[in-house]
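Reading the structure
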Amino acid sequence: MTVSGWIYRHTTGGSFIRPNKVNFGVDFLTAVKNRYVLEDGPEEDRKEQIIIGKKLVETVGFDSIIKQQSQLSKLQEVSLRNCAVNGAGGKGGIAETCPNIRKLDLSRNLLSSWDEVILIADQLKHLDVLNLSENKLQFPSGVPSLTGTFSAMKVLVLNRTGITWAEVLQCAPGWPALEELYLESNNIFISERPTDVLQMLKLLDLSGNQLIDENQLFLIAYLPRLEQLILSNTGISSIHFPDAGIGCKTSMFPSLQYLVVNDNQISQWSFINELDKLQSLHSLSCIRNPLTEVNKDAQTVRQLIIARIGQLKTLNKCEIPVEERRGAELDYRKAFGNEWKKAGGHQDPDKNRPNEEFLAAHPRFQLLCLKFGAPEDGELKTQQPFMLKNQLLKLKIKCANQLDQKVIEKQLPDSMTIQKVKGLLSRLLKVPVSELLLSYESPKMPGREIELGNDQQTLQFYSVENGDCLLVRW
């Protein structure tokens, strides 16, 4: 029941309340009509006479009733959130009145059992999306009979329903086509591996289940089609794939492309290193964790994550351009180059033997050395205290499509944005800023030209170094 808008459920508790404050709910069809049927004005309530059998019967508003029923039968998306729905109502009434519903929101109602849900859904043969969140449902204790009620359902939302993992697995045989399952905030503890169920699942949301840890995740690691896993606010702090060594890919989560681990207790880079072992991971969301919050330089944290996960294409919902990845990996190679040398790293491949401790902390470093070459001693000089003269880059500036223009040499701070560089060149070359296109070449990468496409980024972001050549076109 509801009292003044609040939902109350307790098996033994109670208190005295005024009868007019209590709402025991309504059946499904009543809620649908209350929400979707508009009352006709008096001008439409025309009197008509029809013959039923041998009697002449006078009707009032008969045409408007037919019109309303016709409208309900066309409904495909229905939201009855917080409408105090307590059950299916009369047998067959839903199938007769609104049989074409495909998406149904029954969240925050007075449904008390899974059996009541079945009585509703069994009359909706086209139902493929069902939201039952915030209904404290009682689920069957044994294995339910396979009725085919949910045979077409692809999306099921059971957030804050009190369902357990065992109950999920008991009901799952009845969801053969299910692709998305939302189980947020149910105090779920994953106790056993899904066997012959949930095999079509592409998205699983376990957010807000504080009992989940990395060992439980191994039990769902072999769902063959799982592409998206949402683990926000679970308290998870570590993960390790024991079947994969340094530089290898795990057999777990073979199809996982998108992982969300926001609002957790991740504080070690080893967590990020392990994610590089996921063979299909392309997108990661990892915000509001100690690892990302302790370092106030969000851009530096972003670059470190990009450098540590080689196949990542999107981080925190922002695409990773090719130029950003290159800059992140080059900076990573320089930042940990001295540590690499102390651990046994060497520019000579025959002598390059960093110890296991370094390789465990930086599993992609050797790969980056193969990609860009081992860092030279000149790149690994200890950074001097910040002074403008120590941050100036001596650059050549060449007009790529104006061969008669002389090559210009300029000293520019590495913190200078591309927009400001364009402003400087606009004044020098007498060309509007809007027409300028910038790129650069590096002696370390002959024959390759890197576009400077983001006006808000700095020269340092693009790893522009002393001796590089800026190319200007308009």
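How each quantity is defined
- Residues numbered from 1 in each chain as written.
- Predicted model: local features only at pLDDT ≥ 70, side-chain atom pairs only at ≥ 80, totals over all residues.
- Heavy atoms only, no water.
- Pairing = 2+ DSSP bridges.
- Helix = DSSP H or I, 4+ residues; strand = E, 2+ residues; numbered from the N terminus.
- Buried < 20%, exposed > 50% of the residue type's maximum accessible area, 1.4 Å probe, protein only.
- pLDDT = per-residue confidence, 0-100.
- Contact = heavy atoms within 4.5 Å.
- Axes fitted to C-alpha atoms, helices over the stretch in contact; angles between N-to-C directions.

1. Remarks on the sheet that holds strand β13 (residues 203-205)
Taken together, 11 strands build an open sheet; the order of strands is β7-β9-β10-β11-β12-β13-β14-β15-β16-β17-β18 and the sheet is mixed. Each end of this open sheet is capped by a strand with a single partner; those strands are β7 (77-79) and β18 (318-319). When strand β12 (residues 180-182) meets β13, the two strands line up parallel, connected through 3 bridges. Bridged to Glu180 within β13 is Leu203.

2. Observations regarding helix α9 (residues 298-308)
The buried fraction of α9 amounts to 8 of the 11 residues, a majority that puts the element mostly inside the structure. Within α9 the residues assigned to the buried category are Val301, Arg302, Gln303, Leu304, Ile305, Ile306, Ala307 and Arg308.

3. Some details on the confidence of the model for the protein chain
On average, residues of the protein chain carry a pLDDT of 86, and 85% of them reach 70 or more. Across residues 3-7 the pLDDT falls below 50, and counting only partners more than four positions away or on other chains, this stretch makes 11 contacts in the model. Across residues 50-54 the pLDDT falls below 50, and counting only partners more than four positions away or on other chains, this stretch makes 6 contacts in the model.

4. A closer look at the sheet that holds strand β21 (residues 437-441)
One open sheet holds the 5 strands; their spatial order is β20-β19-β23-β21-β22, and the pairing between them is mixed. The two strands at the open ends of the sheet, each matched to only one other strand, are β20 (408-413) and β22 (449-451). Here the strands of the sheet are splayed against their neighbours by 35° on average, with no regard to which way each runs. In the sheet, strand β19 (residues 392-399) pairs with β20 via 6 bridges, with the strands oriented antiparallel.

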